[in-house]
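Tertiary structure, described
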Amino acid sequence: MADIKGQAEANLYSLQRIFTIPESSGATLAQIDAEISTNLDGFLSERIVASEKDLTEIESAFSSPHIPDQPFYVSGYTDFILNHLVAQSVHTAAPGFIGHMTSALPYFMLPLSKIVTALNQNLVKVETSKAFTPLERQVLGMLHGLIYNADDVFYEQWMHNSNHALGAFCSGGTVANITALWAARNHLLGEQAVARQGLYGAMAEKGIKGMAILVSKRGHYSLAKAADLLGIGRDNLIAIDTDDNYRVKVDEMRIKAEELQQQGIAILGIVGLGGATETGSVDDLQALSALSKDIGCHFHVDAAWGGATLFSNKHRNRLKGIELADSVTIDAHKQFYVPMGAGMVLFKDPEQLSSIEHHAEYIIREGSKDLGSHTLEGSRPGMALLVHAGLNIIGRKGYELLIDQGMDKIHYFAGMIKWHKDFELVVEPELNILGYRYAPEWVQAGLAQASAEVAEKVNVCLDRMTQLIQKTQRSDGKTFVSRTRVDAPNYYHQVITVFRVVLANPLTSQKVLGSVLDEQQELAKHKDIQDILAEIKQHLG
Ligand SMILES: *Cc1c(COP(=O)(O)O)cnc(C)c1O
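The structure presented is a predicted model; accordingly, all values stated were derived computationally and were not measured.

**Quick notes on the sheet that holds strand 11 (residues 494-502)**
Read from one edge to the other, the open sheet built from four strands follows the order 8-9-11-10, with strand pairing classed as antiparallel. The open sheet has two edge strands, strand 8 (423-427) and strand 10 (482-488), and neither has a second partner. Across the sheet, the mean angle separating the axes of adjacent strands is 45 degrees when strand polarity is ignored. Strands in contact with helix 14 (residues 395-419) are strand 8, strand 9 (433-438) and strand 11; relative to strand 9, the strand with the most contacts, it is inclined by about 20 degrees. The strands touched by helix 17 (residues 510-523) within the sheet are strand 8, strand 9 and strand 11, with strand 9 carrying the most contacts at an inclination of about 25 degrees.

Set out below in structure tokens:
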């Protein structure tokens, strides 16, 4: 079989060949497949982040808005993609890429992911997924067990129950959070009243003036999307202040909730963070659960990042109280090392998801085992296979090791930053995330004595410096950390810029961590940085 192109004069016969697996001489196709594999192997074995090519330059390869009239050869197209797309992608698997939540993937994910594409199952209904539906239901059961640890009788009763689902498998933490709050909203407003009559009708019927969701000010932005979509309004996603460890102040949340209730505002739910995205901090989930009971509202835990910590006997204690939540979000495409597109929300009580149940005549019929009746999304791929693969091939013990070594590494790195006189640890690690900045010893000493006014001036300078170092480090491409802004309890709660580090990639060694600091120290010798330091010297007098 020759390299296929849908001929311009395409008769249906030649187009059909594109959809057929070649019988005999698949040589060209095998060649293309081999070329892609070699190229990907090359890309993935790159140990550095790789220098940043100007985005406008990359854009020039993707500038035409015209759909080609004339078809391309697959081989020619593949060459184009390898050169302009693959080669210009970000090395998220590089050991020195420690700024974001994407990491290297276990090698088996790549061949197994072929199955998802090849079979093209649609998990919305059993008719298009068959065995994938029980598999996904099992994955939801396993995750439910990881969080709630119910007994075997429970899972026997609910896991494959045609009227219920233990949770919803979705594209990620965002949709998981939306689903949790959607269920909570419908539950609050009386089963399906809101689904039929809309917000206005349902609220009028209940005599509710407004609704609010309470969460730490460190809550993920997906919660704001949820508040917007569900008609709660972003202004009614109430951000509560955090303490010196970036954990939500539960007392303040209680006062705020009572205040709102007195105004006739119904509390739809409170959200606890099982690992804040920027600081890794974990709220006091036990206290939040108690508060939700007093208020009588839904308690959701966003453990998109931190949920996998439950695998570790040593560290799972950090999430204590998570089992008290009505619903929990966990992203498999974060610390379960599954490719992007795998999130889940689990519900303690399988009846809870019924409040968002939808049916149709031709699919997701009542009483069917179709998963689509309990998900926001319609058509969905069989990503659950890859979560299933991780859970079986890596196993509890394997995930425990991965979590434990990430925690060991973050403490090692925190120690290194503290020991280093030119760096300042700002966000102590609670999970495997920390925040720090470059601040020479004399700056730190000066700041410790400074008035609020002077500290603010110095911190503004340090912010510029942190930003400059981070940007240069990124474009130099040897290592990468991200940056964020946090409130600094040591400095009159001024909001300062810090380097943010997430240690989840098992390939990141202590040596790599050392080189991140070395590189930053080297960058600090640059004239622009030295100028800022001179300015700081003036402020400190
Ligand atoms: C990543 C994350 C999300 C959002 O998940 P996506 O998969 O990006 O949609 C929500 N909450 C927290 C705490 C997260 O870390």
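After that view, the rundown keeps rolling.
**Here's the deal with the side chain of T309**
By the element assignment, T309 lies in the loop between strand 5 (298-302) and strand 6 (327-331). Accessibility expressed as a relative area gives 2% for T309, which makes it buried. What T309 contacts, discounting residues up to four positions off in sequence, is H315, R316, L319, I403 and L431.

**Notes on a nonpolar patch on the surface**
On the surface, L12, L15, I18 and F19 cluster together into a nonpolar patch covering about 450 Å² of accessible area. By secondary structure assignment, the location of L15 is in helix 1 (residues 12-16).

**A few points about the pairing of strand 10**
The buried fraction of strand 10 is high, at five of seven residues. Sheet topology places strand 10 next to strand 11; seven bridges connect them, and they run antiparallel. Paired with T484 across the bridge in strand 11 is V498. Once strand 10 ends, the chain turns through five residues before running back antiparallel as strand 11, passing Y492 with a positive phi of about 55 degrees.

**Let's talk about the sheet that holds strand 7 (residues 343-347)**
If you walk across this open sheet you meet the seven strands as 1-7-6-5-4-2-3, and the pairing is mixed. Only two strands of the sheet have a single neighbouring strand rather than two, namely strand 1 (167-170) and strand 3 (237-240). Across the sheet, the axes of successive neighbouring strands diverge by a mean angle of 20 degrees, strand direction being ignored. In terms of strand pairing, strand 2 (residues 210-216) meets strand 4 (residues 265-273) through six bridges, oriented parallel. Its bridge partner lying in strand 4, V215 is registered against V271. With respect to the sheet, helix 11 (residues 250-262) is in contact with strand 2, strand 3 and strand 4, its orientation differing from that of strand 2 by roughly 175 degrees. Seen against the sheet, helix 12 (residues 285-295) touches strand 4 and strand 5 and runs at an angle of roughly 165 degrees to strand 4.

Cut-offs applied
Residues numbered from 1 in each chain as written. Predicted model: local features only at pLDDT ≥ 70, side-chain atom pairs only at ≥ 80, totals over all residues. Heavy atoms only, no water. Pairing = 2+ DSSP bridges. Helix = DSSP H or I, 4+ residues; strand = E, 2+ residues; numbered from the N terminus. Axes fitted to C-alpha atoms, helices over the stretch in contact; angles between N-to-C directions. Contact = heavy atoms within 4.5 Å. Buried < 20%, exposed > 50% of the residue type's maximum accessible area, 1.4 Å probe, protein only. Patch = residues over 30% accessible without salt bridge, like charges linked within 9 Å, V, L, I, M, F, W, Y side chains within 5 Å. Areas by Shrake-Rupley, 256 points an atom, 1.4 Å probe, with all protein chains shown as cover. Salt bridge = Lys/Arg side-chain N within 4 Å of Asp/Glu carboxyl O.

Fair warning: the whole summary comes from geometry, so function is off the table for now.
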